[in-house]
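Structural overview for review
If you want the building blocks of each chain, they are given just below.
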Amino acid sequence: MKKALPAATVVASALTAALITAPAANAANAGDRSAIPFTEATVTAGADGSFTLAWKAPGTRRVEIRANGKVVAKGGAQGRAVVTGLPAADRQWFDFKPQHGQGLRLADRLVKLDGTANFRDAGGYRTATGQWVKMGEVYRSDALNRLTPADLAKLRRLHVRTVFDLRMEDERTKDADKVPVGAAYVVADVFAGSGSFQTMPRTPDEAVKAMVDAERAMVSGAGGKKAYAQVLEGIERDGDRHRDRSVLFHCTAGKDRTGWANAALLTALGVPRQTVEADYLASNDYRKAANDAVLSHLPAQQAAVYKPLLDVRPEYLNAGYDEVRAAYGSFDRYLADGLGIDARELKQLKKDLLVG
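Residues numbered from 1 in each chain as written. Predicted model: local features only at pLDDT ≥ 70, side-chain atom pairs only at ≥ 80, totals over all residues. Heavy atoms only, no water.

A look at the overall build of the protein
The secondary structure content of the protein amounts to 13 helices and 15 strands. Counting every position in the protein, which comprises 356 residues, the buried fraction comes to 49%. Restricting to contacts in the protein with at least 6 residues of sequence separation, those with at least 24 account for 69%. Surface exposure of the protein reaches about 16400 Å², of which carbon and sulfur atoms provide 51%. (Helix = DSSP H or I, 4+ residues; strand = E, 2+ residues; numbered from the N terminus. Buried < 20%, exposed > 50% of the residue type's maximum accessible area, 1.4 Å probe, protein only. Contact = heavy atoms within 4.5 Å. Areas by Shrake-Rupley, 256 points an atom, 1.4 Å probe, with all protein chains shown as cover.)

Here you go:
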């Protein structure tokens with residue numbers, strides 16, 4: 001087993017991968033100010049146990065990437081490498097080291113668990129000022145009621161110590177959370193008292209409207225404001241007091257209430273809107289198999305109504321930002337007046353979760 005890592009196969013090229021990153025203009029403007037030269041960097045795990053690494057670090061002549069303390073890839077300012085032969089791990093981490101400047105520690109965003117489909121890292125994104133959101137600090141997920149003992153053990157090894165449940169009371173009662181031993185469980189009911197989703201839509205258009213209205217309620221409803229304040233303040237408190245623990249927030253599908261929680265967090269940290277939207281829409285990919293299974297068992301007319309409820313769409317997320325603008329004027333005012341996140345807390349949140 002000790003020889004497995006040195007036997008890792010590396011294939012590198014000068015190809016630029018299609019990555020979720022800050023817009024090129026922001027990269028150009030921020031590149032000189034950032035201590036981290038990477039404008040793009042991702043790790044993507046393959047079903048065959050391989051890992052595809054891709055990066056772009058303008059102005060850097062050499063990049064070296066290590067896994068488990070061993071060099072597994074080398075390249076120039078931009079490149080792509082496929083790494084195989086690494087030993088099994090809860091999460092495989094890669095250290096991207098540029099010739100000059102600060103490096104990045106990255107892993108595949110998805111955390112594979114038997115009991116979830118949409119459990120992923122909230123970090124690994126670049127801000128408009130060239131900093132990066134740390135990975136391994138904050139996680140987002142769908143429901144936790146189907147977690148296996150092996151899943152719970154993995155979450156404990158990943159240091160998940162606080163779980164925020166964004167679901168309604170009937171959801172929590174029907175499918176109670178399973179949380180790692182020693183983790184704090186916090187109810188942060190986004191729709192508490194709102195009456196959302198009390199009646200099922202009858203047409204696809206009504207379904208879309210229900211999703212848009214729900215997104216707006218997440219922003220300006222009393223339950224939403226209280227719940228998202230709990231989440232952001234909880235992340236800030238944990239980051240300030242505990243360096244060896246991570247925070248998890250989730251709902252049922254991990255896409256709407258959880259989607260806005262992560263959108264709010266990333267926006268507060270300075271991640272560009274384009275990147276936030278890409279993260280939000282990724283639930284369509286992670287949940288595709290589960291959604292297709294649901295729709296396949298429904299009559300065509302009923303499936304047409306259900307599909308907008310299972311999807312995440314740009315217009316849903318945009319409705320949240322539109323509500324922020326209409327109710328508060330700016331995102332900073334939403335954080336301050338809607339969620340009670342003051343300048344000190346926001347500064348601390350950035351200090352804890354950003355590198356560079």
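Read on, since the account is not over.
Considerations on the packing of helix α6 (residues 257–269) against helix α11 (residues 314–328)
For the pair α6 and α11, the least separation of the axes is 11 Å and the interaxial angle reads 55 degrees. The orientation of α6 relative to α11 falls into the category oblique. In the crossing of α6 with α11, the sense of the turn from one axis to the other is right-handed. Side by side, α6 and α11 meet where Trp260, Ala263 and Thr267 of the first sit next to Leu317, Gly320, Tyr321 and Val324 of the second. For the contact of α6 with α11, the residue count by class is 5 nonpolar, 2 polar and no charged. (Axes fitted to C-alpha atoms, helices over the stretch in contact; angles between N-to-C directions. Parallel < 35°, antiparallel > 145°, perpendicular 65-115°, else oblique. Left-handed = near helix turned anticlockwise from the far one by under 90°. Nonpolar A, V, L, I, M, F, W, Y, C, P; charged D, E, K, R; others polar.)

So, the sheet that holds strand β9 (residues 120–121)
By definition, the strands of a sheet pair up through backbone hydrogen bonds, in either a parallel or an antiparallel sense. Here 5 strands make up an open sheet; going across it, the order is β9-β11-β14-β12-β13 and the pairing mixed. One side of each edge strand has no neighbouring strand; the edge strands of this open sheet are β9 and β13 (184–187). (Pairing = 2+ DSSP bridges.)

A look at unusual backbone geometry
Of note in this structure, Asn68 is not a glycine but carries a positive phi near 55 degrees. Mapping Asn68 onto the fold places it in the loop between β4 (63–67) and β5 (70–75). Taking relative accessible area as the criterion, Asn68 reaches 46% and is therefore assigned partly exposed. With phi around 65 degrees, His159 is a residue other than glycine that occupies positive phi space. Mapped onto the elements, His159 comes out in the loop between α2 (149–157) and β12 (160–165).

Comments concerning the environment of Glu206
Structurally, Glu206 is set in helix α4 (residues 204–220). Each C-alpha atom of the pair Glu206 and Pro308 lies 9.3 Å from the other, and the pair is 102 residues apart in sequence. A distance of 2.8 Å separates a polar atom in the side chain of Glu206 from the backbone nitrogen of Arg202. (Polar contact = N/O pair within 3.5 Å; in protein donor to acceptor, adjacent residues only side chain to side chain.)

Details of helix α10 (residues 300–310)
Within α10 the residues assigned to the buried category are Ala303, Val305, Pro308, Leu309 and Leu310. For α10, the elements touching its buried residues are α4, α9 (288–296) and α11.

A look at the environment of Leu113
Mapped onto the secondary structure, Leu113 falls in the loop between β8 (104–106) and β9. Separated by 37 residues in sequence, Leu113 and Ala150 place their C-alpha atoms 8.4 Å apart. Beyond its immediate chain neighbours, meaning those up to four positions away, Leu113 contacts Phe119, Leu147, Asp151, Lys154 and Leu155.

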